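Inside the fold
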Amino acid sequence: MAPLTRAGSGTKAPADQVLVDDDLEPRVRIPADLIRCVIAAAEIAILVGLALLASATATGVEFDLVRGSRRLPVSLLQLVGFGGNVALLILPIALAIRLLVVRQYRRLGEAVATGGVAVSVVALVNLLLSQPFLRQLQIALHTTTTGVTGRHEATLDGYLAGLVAYVTVVGLRGRAHWRTAFLTAIGFYAVASLADTHTTVLSLLITVAIGSAVGSGLRYALGTTSGRPTAAEIAAAISTEQAPVSAIRRVPADTAEVRRYTATVRDGDRLDVSVFDRDQQAADAFYRLYRRVRMKAHVSRSAPLSLEGAIERQALLIYATEDSGVLTPRLRAVLRVGPDAAVIATDHLEGRTLAELGGGASDDQLRRIWDTVLQLHRHRVTHRALTDDRIMLVATPGEHAEQVALLEPGNGDVAATELQFRLDLAQLIAQTALLVGPERAAAIATEKLSKDTLLGLVPLLQPVALYRSTRSALRGRKSVLADVRKRLMAASPDGHVMPVQLERVRPRTLITLIAGVFAFYVLAGQLANVSFSKLLAQANPLWTVVALAFSAATYVGATMAISGFVLERLNTLRTLLVQVAGSFVMLVTPAAVGGVALNVRYLRKARLSATDAAASVGVTQVMSFAVFAVLVLISAAVAGSSRAARALTPPHWAYLALAILVGIALIVLALPAGRRQLFARVGSLADQVVPRLLDVAQRPAKLAQGIGGSVLVSVAYILCLAASVRAVGDSHVPLASIAVVYLAGNAAGSFIPTPGGIGAVETALSIALAGAGMPTAQAITAVLLFRTVTFWLPVLAGWVSLHYLQRRDVL
């Protein structure tokens, strides 16, 4: 078959002689419109933020602009204003006439309707800005310029927003003269409006952004008329005198960025045709941006957004793959079809893809696939999309063995780095493991790779490093990668796996930062009315230091407790830091939830199995509850009928609430489904806790450490509250009464699902201490001191500890 040439050479086959099977959409949604809408919305948010936070700066800019415009001749300003107003009136009419001439009636109707929507949106925003709750923003956008007489008549300009939306739907791409005229008219209009103090800089920019957001958003939602080349036009472009195309048919594509066709040449040969449309080059842009920000450059590259960059990359990788001696469909044509599309045509290969073979692929076929990929790597080229539908086994005439072909190599790299090679191999072993199982996939990889290379693949076998379709397939089979890693490490038991940082920003790090902002906000709100100078002046420094020491002792006790109920040896310092980090986690999660999850994760990272980690944390929680109950009984017995005990007597409505809860519990127990659910939960907990507790009981030192740590936590908190009470000058409340107060307040904080028990603990402790004989103001001061040393200071230390542990990959 004679090679195809670029469009323009040779004699084209008439379109009516080509059999066409196409499914070209008459209207398409252009991803770039959605991106413009999101960007415009972000601009509005930024401008509103500037109006609220930097109104003085914006007013200064406006003053400078107005003062500068006032220095211009009045006649010139009048001429500019008249020209801008006339241009903004004539421009939409001229565009409408142009659309009527080319018979684009629907686009004209959509543009007019979109302009009307933008005007309505601006009218609604102006109405909202007149409401009291937006008074500050309205003043920032609707302020009189200092030193200039007059008053701004409107906050936002509805006509300007409508015009911007109208022009956005009409579209000025490829029409440089129209775009220049439009921008010039807006510039004249803005200068004249600022000079006459009819608008502000911020309101003008927000108006334009609203028009752009509405226009782009509705244009994306409604779609726009497709200007893409048809299948007949594509067939005519790739046809030559020696090889005219006789038939072309649309086939499904795995991505929205490309249209795919199969073309039949007059002599019977077939071509695979990929069409790159300019209007789809921004497809998946948000996902690519997310991957680009999250992952390092070698892991996730930014795909070229330009049409030219896309086809050049595809052609380069096809040539590089061919040059390495690896079979891939031969490139037959790279050409432009019209101003907004490009075509790549390659030979069609007949064979069976790995997806078609599935689990029936033989070990010999898998070995040949590995040999082909390694040959590609020896030429410093990677594929980076080794999915089961891009690996094909092609029968070679005269040979018994099938040859391996790698399809669509355009995602790969030339002059690849070692990390990129390993990422390619990790993708291959993950994909084959999905098809033939982890055992066979790991066995073939062990046979083909050295031990050092195998160990280098272990940290890369994580979903974030794999191709998108492979990640989707792994969501339903989460054990596959873990099994592969286990088998690869077993093949080199004496080796050391070096961690690899693939992500620039981990999601949990981002969540930690967001939680830190939230924590600061909550902390500022809680302490806004607290005078620390007065608090410190009233507090005894010695007792304050004692309270701080007892607060620190609670984390030592928590470290002892978790270490005692874990049979394996834990790093003491790291375990202590995890307990400190739990203070911060408690701020953004209900009490006892975040700490449990954090300890389980820490134990899993310390190489404990999921069952052992959950059982150890469960034993710790059960033992803490048992110690808490024992201390309640002891404290109540010692306190007896003291004043503190009477202060903790619940009000009458509490008895009613307790009766309702007991009634609900009895109803649940009376129902078979409720009993089954309760017994299932209790049985599951017992199945985890009891065996672990029996194992720990056989090691008395471990058991004593765990129980002693649980006791130390509660006792240290009680002593810390007692020290806080002493610090504010009250030495008359008995220790037993303080214990009852703390245990009751802590129980209230645990039952009320607020992060860290904020509000509930403070209220309960303050009321109880006041009832125990302390003056109310003094009780509140003691509680604030107690919560400062046991909660707020540990929260700050916990955030630092959490960040440190994440950087060290301990969590």
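Everything quoted here is computed from the prediction, not taken from an experiment. (Residues numbered from 1 in each chain as written. Predicted model: local features only at pLDDT ≥ 70, side-chain atom pairs only at ≥ 80, totals over all residues. Heavy atoms only, no water.)

**Regarding the sheet that holds strand β12 (residues 402-406)**
Basically, it comes down to this: For two strands to be treated as a pair, DSSP must find at least two bridges joining them. Every helix listed is a DSSP run of H or I at least four residues long, and every strand listed is a run of E at least two residues long, numbered separately from the N terminus. In this analysis, two residues are considered to be in contact whenever any of their non-hydrogen atoms come within 4.5 Å of each other. Angular values range over 0 to 180 degrees, each being the angle between N-to-C directions of two axes fitted as lines to C-alpha atoms, with helices fitted over their stretch in contact.
Strand order across the open sheet formed by 3 strands is β9-β11-β12, with antiparallel pairing between neighbours. Lying at the two open borders of the sheet, with one neighbouring strand each, are β9 (352-353) and β12. Summarising the sheet, β9 and strand β11 (residues 391-395) pair through 2 bridges and their orientation is antiparallel. From the neighbouring strand, Arg 352 faces β11, where its bridge partner is Leu 393. Contacting β9, β11 and β12, helix α13 (residues 363-378) runs over the sheet at an angle of about 50 degrees to β12.

**Some words on helix α9 (residues 231-238)**
The following threshold applies: Remark: exposure states derive from per-residue accessible area (1.4 Å probe, protein chains only) relative to the maximum for the residue type, with buried under 20%, exposed over 50%, and partly exposed in between. This arc describes the spread of directions from the helix axis toward the C-beta atoms.
Among all positions of α9, only Ala 231, Ile 234, Ala 235, Ala 237 and Ile 238 are buried. Along α9, the residues classed as buried sweep out an arc of 160 degrees about the axis, all on the same side. Residues of α9 that are buried in the fold lie against β1 (19-21), β4 (245-251), β5 (258-265), β6 (270-277), β7 (331-336) and β8 (341-347).

**Considering the pattern of salt bridges**
Close approach of charged atoms lets side chains of opposite charge pair. This is how the line gets drawn: Salt bridges are counted wherever a side-chain nitrogen of Lys or Arg sits within 4 Å of a carboxyl oxygen of Asp or Glu.
This model, assessed by the stated rule, comprises 23 salt bridges. For the salt bridge of Arg 330 with Asp 347, the shortest nitrogen-to-oxygen distance reads 3.6 Å. Residue Arg 330 is found in the loop between α11 (307-323) and β7, and its partner Asp 347 is found in strand β8; the two are separated by 17 residues along the sequence. With its nearest N and O atoms 3.6 Å apart, the salt bridge here joins Arg 380 to Glu 418. With Arg 380 in the loop between α13 and β10 (381-382) and Glu 418 in helix α14 (residues 418-436), this residue pair connects regions lying 38 residues apart in the sequence.

**Looking at the environment of Leu 631**
Topologically, Leu 631 is positioned in helix α24 (residues 610-639). For Leu 631, a relative accessible area of 15% translates into the label buried. It is 8.2 Å that separates the C-alpha atoms of Leu 631 and Ala 739, two residues lying 108 residues apart in sequence.

**Things to note about the packing of aromatic side chains**
Cut-off, in case you're wondering: Ring pairs are drawn from Phe, Tyr and Trp, using the six-membered ring of Trp, whenever the two centres fall within 6.5 Å, and their geometry is named by plane angle: stacked under 30 degrees, edge-to-face over 60, tilted for the rest. Charge-over-ring contacts are defined here by two conditions on Lys NZ or Arg CZ: a distance within 6 Å of the ring centre and an angle within 35 degrees of the ring normal.
The full count for this structure, using the stated rule, is 2 aromatic pairs. Taken together, a centroid distance of 5.7 Å and an interplanar angle of 15 degrees make the contact between Tyr 717 and Tyr 742 stacked. In this pair, Tyr 717 sits in helix α28 (residues 700-727) while Tyr 742 sits in helix α29 (residues 735-751), placing the two residues 25 residues apart along the sequence. Taking relative accessible area as the criterion, Tyr 717 reaches 19% and is therefore assigned buried. Pairing Tyr 742 with Phe 786 gives two aromatic rings, centres 6.2 Å apart and planes at 75 degrees, and the pair type is edge-to-face. Taken together, the residues span a long stretch of sequence, with Tyr 742 in helix α29 and Phe 786 in helix α31 (residues 776-807) at a distance of 44 residues. As far as burial versus exposure is concerned, Tyr 742 and Phe 786 are alike and both buried. Three or more aromatic residues joined by ring pairs form one cluster here, namely Tyr 717, Tyr 742 and Phe 786. When the ring centre of Phe 791 is taken as origin, the NZ or CZ atom of Arg 787, which lies over that ring, is 4.5 Å away.

**Digging into unusual backbone geometry**
The backbone phi angle of Arg 380 is positive, close to 60 degrees, even though this residue is not glycine. You can call Arg 380 partly exposed: its relative accessible area is 37%.

Taken by themselves, the reported measurements are silent on function.
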